[in-house]
Number of protein chains: 2
Amino acid sequence: MNTASKSLKKPSCPKKLIASRDALDAIQGKWRVPIIITLSFGDKRFGEIRKDIEDISPKMLSQELKELERNQLISRKIYDTMPVTVEYSLTTLGRSLEKLLEELTEWGVHFRKTVIGKKGERVG
Amino acid sequence: MNTASKSLKKPSCPKKLIASRDALDAIQGKWRVPIIITLSFGDKRFGEIRKDIEDISPKMLSQELKELERNQLISRKIYDTMPVTVEYSLTTLGRSLEKLLEELTEWGVHFRKTVIGKKGERVG
DNA sequence: TACTTTTACTTTCTAAAAGTAACTTGTTAC
DNA sequence: GTAACAAGTTACTTTTAGAAAGTAAAAGTA
């Protein structure tokens, strides 16, 4: 055993890892963050969210809305109109993500400037 | 057409949606954030990261490290020791995620307190 | 010489998740 | 009775993730 290479332990902070995993479990995937962002601009109906997030399928939207509701990030209200209207809105917990999402989008802009924009691929 | 329901457009801010998608493309999935967090505590070798993130398989770790390197979030250094040593470290771009990850873990703690901790399931 | 250990992966195979296209339900308009 | 609209659901296919085992190179051990 090489003493020099193993004498200093590098801590990994399991608490941080657990917290990040908890957060990721809630907002992970391709669609949840976009859904939360569109809802941050106002309550929306199923069809309106579909129009905002152009490439989401009704199956995925339905599935992700259910999961977000289960985790208490959004709430669902049914109006007895003809045809029926269903409106989704952010809960207090959902709105508590706004600062994080602000950071995320800011970093996304930075990332596009420094990495995505500088290679031939992925400019889309 | 119902004039009342459609007179006020709810903006969706496509710029924000694109930026969030760019960011998510880079850090999305179950493993990338944990990898970046462990590396924020110091440069680490393949085996060390495996020990920190207990349930990651070598295949997924290898795959995600490659993707993180491709997106310039981490860098990889090979040392000509016996047996070979490979060390991974965060780049400047990778370190620029720290504020975002701080927000993420803080929110994760809040989420566990208010949601995960209050139901029988998912206490793990 | 042959076997074992270590580090850093890769390969193969199976299971889970995501995506696609068409279908359902209830009601009103034509 | 046919079409349209809102909000989904169902069946099927493809993609991605995960588990188990294998590989490579070099040094150490018997």
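Details of the structure are given in the entry above.
Each value, and the rule that gives it
Residues numbered from 1 in each chain as written. Chains lettered and ligands numbered in written order. Predicted model: local features only at pLDDT ≥ 70, side-chain atom pairs only at ≥ 80, totals over all residues. Heavy atoms only, no water. Near = heavy atom within 4 Å. Polar contact = N/O pair within 3.5 Å; in protein donor to acceptor, adjacent residues only side chain to side chain. Helix = DSSP H or I, 4+ residues; strand = E, 2+ residues; numbered from the N terminus. Nonpolar A, V, L, I, M, F, W, Y, C, P; charged D, E, K, R; others polar. Least-squares fit on C-alpha atoms with pLDDT ≥ 70 in both. Contact = heavy atoms within 4.5 Å. Buried area = accessible area lost by both parts, 1.4 Å probe. Salt bridge = Lys/Arg side-chain N within 4 Å of Asp/Glu carboxyl O. Phe/Tyr/Trp six-rings, centres within 6.5 Å; stacked < 30°, edge-to-face > 60°. Core = buried A, V, L, I, M, F, W, Y, C linked by side-chain atoms within 4.5 Å. Buried < 20%, exposed > 50% of the residue type's maximum accessible area, 1.4 Å probe, protein only. Pairing = 2+ DSSP bridges.

(A) Region of interest: the protein's contact with DNA strand D. Not every one of the 19 residues close to DNA strand D is listed here, only the nearest: S62, R76 and Y88 of chain A together with W31 and K59 of chain B. Taking the atoms of DNA strand D that fall within 4 Å of the protein, sugar and phosphate contribute 68% of them. The contact in question runs from a phosphate oxygen of DNA strand D to an N or O atom on the side chain of R76 of chain A, over 2.4 Å. Between DNA strand D and the protein, one listed contact pairs a phosphate oxygen with a side-chain N or O atom of Q63 of chain B at 3.4 Å. Elements with a minimum of two residues in the surface near DNA strand D: α4 (46–52), α5 (58–70) and β3 (85–90) of chain A together with α5 (58–70) of chain B.

(B) Here's a closer look at the protein's contact with DNA strand C. Near DNA strand C there are 21 residues, and of these K59 of chain A together with S62, R76, V86 and Y88 of chain B occur at the shortest range. A share of 62% is what sugar and phosphate atoms reach among the atoms of DNA strand C within 4 Å of the protein. Contacts to DNA strand C include V86 of chain B, whose backbone N or O atom sits 2.8 Å from a phosphate oxygen. At the level of elements, α5 of chain A together with α4 (46–52), α5 and β3 (85–90) of chain B are the ones that each hand at least two residues to the surface near DNA strand C. Of the residues forming the surface near DNA strand C, the biggest block, 4 residues, is contributed by α5 of chain B. Classifying every residue of the surface near DNA strand C gives 10 nonpolar, 5 polar and 6 charged.

(C) Focus on the relation of the copies chain A and chain B. Once turned by 180 degrees and shifted 0.0 Å along the axis, chain A lies on chain B with an RMSD of 0.0 Å. Both chain copies can therefore be described as sitting about a two-fold axis. A share of 100% of the interface residues of chain A reappears at the interface of chain B, consistent with the copies meeting face to face through the same patch.

(D) A look at unusual backbone geometry. Residue and element names in this part refer to chain A. Residue M82 is joined to P83 through a cis peptide bond whose omega torsion reads -10 degrees. When you line up the elements, P83 lands in the loop between β2 (74–79) and β3. Of note in this structure, Q72 is not a glycine but carries a positive phi near 65 degrees. The topology assignment puts Q72 in the loop between α5 and β2.

(E) Broad picture of the interface of chain A and chain B. If you look at the interface, chain A gives 57 residues, while chain B gives 57 residues. Across the chain A to chain B interface the summed buried area is about 5,200 Å²; carbon plus sulfur atoms make up 60%. Across the contact surface, chain A and chain B share 8 salt bridges. Taking the shortest distance from any N to any O, the salt bridge between K99 of chain A and E103 of chain B comes out at 3.2 Å. Taken together, the connections running from chain A to chain B amount to 10 residue pairs in polar contact (both at pLDDT 80 or more). Among the secondary structure elements, those contributing two or more residues to the side of chain A that touches chain B are α2 (14–27), α3 (32–39), α4 and α7 (98–114) of chain A.

(F) Region of interest: the packing of aromatic side chains. Residue and element names in this part refer to chain A. Summed over all chains, the structure comprises 2 aromatic pairs over all chains. Centroid distance W107 to F111: 4.9 Å. Interplanar angle 10 degrees. Geometry classified as stacked. With a gap of 4 residues between them, W107 and F111 both fall in helix α7, about one helical turn apart.

(G) Representation of the nonpolar core in the model. By size, the foremost hydrophobic cluster in this structure holds 62 residues, and its most contacted members are I35 of chain A together with I35 of chain B. Discounting chain neighbours no more than four positions away, the residues touching I35 of chain B are I49, I53, I56, L61, E64, L65 and L68 of chain B.

(H) Summary view of the sheet that holds strand β1 (residues 44–45) of chain A. All names here are of chain A. The strand order across the open sheet built from 3 strands is β1-β3-β2, with neighbouring strands paired in antiparallel fashion. Of all the strands in the sheet, the pair left with one neighbour each is β1 and β2. Here 2 bridges tie β1 to β3, and the two strands are oriented antiparallel to one another. Each bridged residue has a counterpart across the sheet, and for K44 the counterpart in β3 is Y88.

(I) Representation of the pairing of β3 of chain B in the model. Residues and elements named next belong to chain B. Here β3 lies mainly inside the structure; 6 of its 6 residues are buried. Taking every second residue as pointing to the same face, both faces of β3 are buried, with T85, E87 and S89 on one and V86, Y88 and L90 on the other. Note: strand β2 (residues 74–79) against β3, 6 bridges, orientation antiparallel. Directly across from K77, in β3, lies its bridge partner E87. Joining the antiparallel neighbours β2 and β3 is a turn of 5 residues.

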